[in-house]
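Chains, contacts and geometry: an overview
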Amino acid sequence: MKTLLITGGCGFIGSNFIHYALAKYRQYRVVNLDKLTYAGNPANLIGLVDDDRYRFVEGDICDPATVGPLVAEADIVVNFAAESHVDRSIMGGAEFVQTNFNGTYTLLDSAVKHGVERFHQISTDEVYGSIDEGAWTEEWPLAPRNPYSSTKASAELLVRAYHITHGLPVVTTRASNNIGPFQYPEKRVPLYITNAIDDLPLPVYGDGSQVRDHLYVEDHCSAIDLVLHQGEIGEIYNVGGENDATGLEVAKVILKRLGKDESLLKFVTDRSGHDQRYALDSSKVQALGWQPASDFRVAMERTVDWYVENESWWREIKERQDYKDYYQRNYGNR
Ligand code: NAD
Ligand code: DAU
């Protein structure tokens, strides 16, 4: 039996990864440490309550007293826990610095004290900033441009330092925009799908020309799995879906799949410091044998269909007062 400590496992990607890992590896146990912020949802893991290989611990990755014993019993740590939404980081960055930077520090420090086989840091393409043409390789300098991405880049520097200084066996993956089941409906794709179902406007920041690469979350999980087991210690791997699309293209594909009219598109004030384009060169992880299984059309269709079929999951979130307050705060004056 191997024990994986997964942090942030009640969020979007972490919960998908827990399902993926427990389905694939009979001999793995998962301990999920999650603070249950607004984005953490135990309902994402409801299917695992009777699986005795799964244990949930409610707690904060910034708290050494909580983290220490969990790291001590783990063979592997995979750090998903983060404040993850760019718009919220623009409204206020304190929790981003606390969780994304101090939380990563607490985990690293504990991992050195107790010794682990691997520490896998889940990072993002946003650490590179914005690129007008071409694609980033892993050697590209870090040049984050918003508070969220700068805390993720800072966390990466700590991970690197703990490897060089203390010999901690680390790997890092930098992924592009994930889409799929269990994504909190503040992120563009689930927000657009759920708004469109209710005939509400789809807010398009600026002119909708910004380009993002889209990665189906299951493809991200398979890449994490591969790097976790076969990636070289100390290395960083880009993970992109090779599914570029502009904001307007994404909105139109969603409306078409749902049979809704483009009159639902609403151009609103742009995001401050909006990154124009992200593009990853993923040849390094591909050389390990990874390929995304879902192209843009398949990834979008599977995603739209999941939200159509799982209406109670997202309605429960959108009916919460904290969601309504956030929505008013972010979109009220746009
Ligand atoms: P999410 O916001 O859906 O989930 C984050 C989870 O972390 C939540 O369950 C939350 O409760 C938990 N959490 C937050 N602060 C915590 C703390 N102090 N202690 C313990 N748990 C805490 O995020 P996501 O979209 O699933 O992203 C997961 C990771 O992947 C993040 O590190 C993010 O930077 C990275 N990432 C995300 C994307 C994407 O497209 N969503 C792409 C690349 C990388
Ligand atoms: O690229 C990886 C990153 O992808 C992750 O590191 C982040 O955690 C994740 O949130 C995501 O960041 P983005 O800022 O790219 O995702 P978001 O869904 O917030 O926005 C996607 C694009 O859509 C971006 O160009 C802004 C635009 N947008 C977003 C929202 C919420 C809109 O036009 N309207 C909106 O209402």
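Being a predicted model, the structure only gives us computed values, none of them experimental.

**Examining the site of ligand 2**
- Around ligand 2 lies a shell of 25 residues, among which Thr124, Asp125, Tyr148, Arg271 and Tyr331 are the nearest.
- Take Ser84: an N or O atom from its main chain is 2.8 Å from an oxygen atom of ligand 2.
- Notes on ligand 2: free accessible area 690 Å², of which the protein chains cover 94%.
- A domain split of the shell around ligand 2 shows at least three residues from each of domain 1 (2-178 + 216-239) and domain 2 (180-212 + 243-272 + 294-322).

**So, unusual backbone geometry**
- Residues other than glycine seldom take positive phi values, yet Leu36 does so here, at roughly 55°.
- One can find Leu36 in the loop between β2 (28-34) and β3 (54-58).
- Its identity is not glycine, yet Phe182 carries a phi of approximately 70°, on the positive side.
- Relative to the assigned elements, Phe182 resides in the loop between β7 (177-179) and α6 (188-197).
- On the basis of relative accessibility, which here comes to 16%, the residue Phe182 falls in the buried class.

**A few points about the sheet that holds strand β6 (residues 170-175)**
- Sheet architecture is open: seven strands sit in the order β3-β2-β1-β4-β5-β6-β10, paired in parallel fashion. A single partner strand is all that each edge strand has here, and the edge strands are β3 and β10 (236-239). Strand-to-strand twist across the sheet, computed as the mean angle between neighbouring axes with direction ignored, equals 20°.
- Sheet analysis places β2 next to β3, joined by five bridges and oriented parallel.

**Thoughts on the sheet that holds strand β9 (residues 211-216)**
- The three strands are arranged β7-β9-β11 in an open sheet whose pairing can be described as mixed. Two strands lie at the open edges of the sheet, namely β7 and β11 (244-246), each paired on one side alone. The mean angle between the axes of side-by-side strands here comes to 45°, regardless of whether they run parallel or antiparallel.
- Lying over the sheet, helix α8 (residues 247-258) contacts β9 and β11, oriented at roughly 90° with respect to β11.

**Quick word on the domain arrangement of the protein**
- Per the domain assignment, the segments making up the protein are domain 1 (2-178 + 216-239) and domain 2 (180-212 + 243-272 + 294-322).
- Taken together, the 20 residues of domain 1 in the interface contact 20 residues of domain 2.
- The junction of domain 1 with domain 2 conceals about 1800 Å² of combined surface from both sides, 46% of it contributed by carbon and sulfur atoms.
- Sorting the residues of domain 1 by area buried against domain 2 places Phe12, Tyr38 and Tyr216 first, and these three jointly supply 35% of that buried surface.
- Our count for the domain 1 to domain 2 interface comes out at three salt bridges.
- The residue Arg302 makes a salt bridge to Glu218 at a minimum N-O spacing of 3.5 Å.
- One can count 10 residue pairs in polar contact (both at pLDDT 80 or more) joining domain 1 with domain 2.
- Elements that contribute at least two residues to the side of domain 1 that touches domain 2 include exactly α1 (12-24), α3 (86-91), β7 and α7 (217-230).
- Looking at the side of domain 1 that touches domain 2 residue by residue, the classes come out as seven nonpolar, nine polar and four charged.

**Details of the site of ligand 1**
- Lining the immediate surroundings of ligand 1 are 28 residues, of which Ile13, Asp34, Ser84, Tyr148 and Lys152 lie closest.
- At 2.9 Å from an oxygen atom of ligand 1 is found a main-chain nitrogen or oxygen belonging to Gly11.
- Within the side chain of Asp34, one N or O atom sits 2.6 Å away from an oxygen atom of ligand 1.
- Here ligand 1 has 830 Å² of accessible area as a free molecule, and 97% of this is covered by the chains.
- Of all the elements in the fold, those that place two or more residues in the shell around ligand 1 are α1, β5 (118-124), α5 (147-166) and β7.
- It is β5 that provides the largest number of residues to the shell around ligand 1, a total of three residues.

**Topic: helix α2 (residues 64-72)**
- Listing the buried residues of α2 in full gives Val67, Gly68, Leu70 and Val71.
- As for α2, its buried residues are in contact with β1 (2-7), β2, β3 and α4 (94-114).

Quick notes on the rules
Residue numbers restart at each chain and count upward from 1, following the sequence in its written direction. Just so you know, chain letters begin at A and ligand numbers begin at 1, following the order they were written in. Only residues with pLDDT of 70 or above have their local features reported here, since the model is predicted, and side-chain atom pairs are shown and tallied only from 80 upward, although totals for entire chains, interfaces and linings are computed over all residues. Hydrogen atoms and water are omitted, and side-chain values are computed over all heavy atoms in the structure. Nearness of a residue to a molecule or strand requires only that one of the residue's heavy atoms be within 4 Å of it. Any pair of N or O atoms that falls within 3.5 Å is considered a polar contact. Within protein, one atom must be able to donate a hydrogen and the other to accept it, and sequence-neighbouring residues count only if both atoms are side-chain atoms. In these tables, accessible area is a Shrake-Rupley quantity obtained with a 1.4 Å probe, and a residue counts as shielded only by the protein chains included in the view. Throughout the structure description, domain borders are defined by an automatic or database domain assignment. Secondary structure elements follow DSSP: runs of H or I of four or more residues count as helices, runs of E of two or more count as strands, with numbering from the N terminus. Only protein chains enter the accessibility calculation, which uses a 1.4 Å probe. A residue is then buried if its area is under 20% of the maximum for its type, exposed if over 50%, and partly exposed in between. Here, strands pair whenever DSSP counts at least two bridges between them. Each axis is a line fitted through C-alpha atoms, and for a helix only the stretch in contact is used; angles between axes span 0 to 180 degrees, taken between their N-to-C directions. Any two residues whose heavy atoms approach within 4.5 Å are treated as being in contact. Simply put, the buried area is the total loss of 1.4 Å probe accessible area from both parts when two parts are fitted together. Should a side-chain nitrogen of Lys or Arg be within 4 Å of a carboxyl oxygen of Asp or Glu, the pair is scored as a salt bridge. By the convention adopted, Pro, Cys, Tyr, Trp, Phe, Met, Ile, Leu, Val and Ala count as nonpolar, Lys, Arg, Asp and Glu as charged, and the other residues, Gly among them, as polar.

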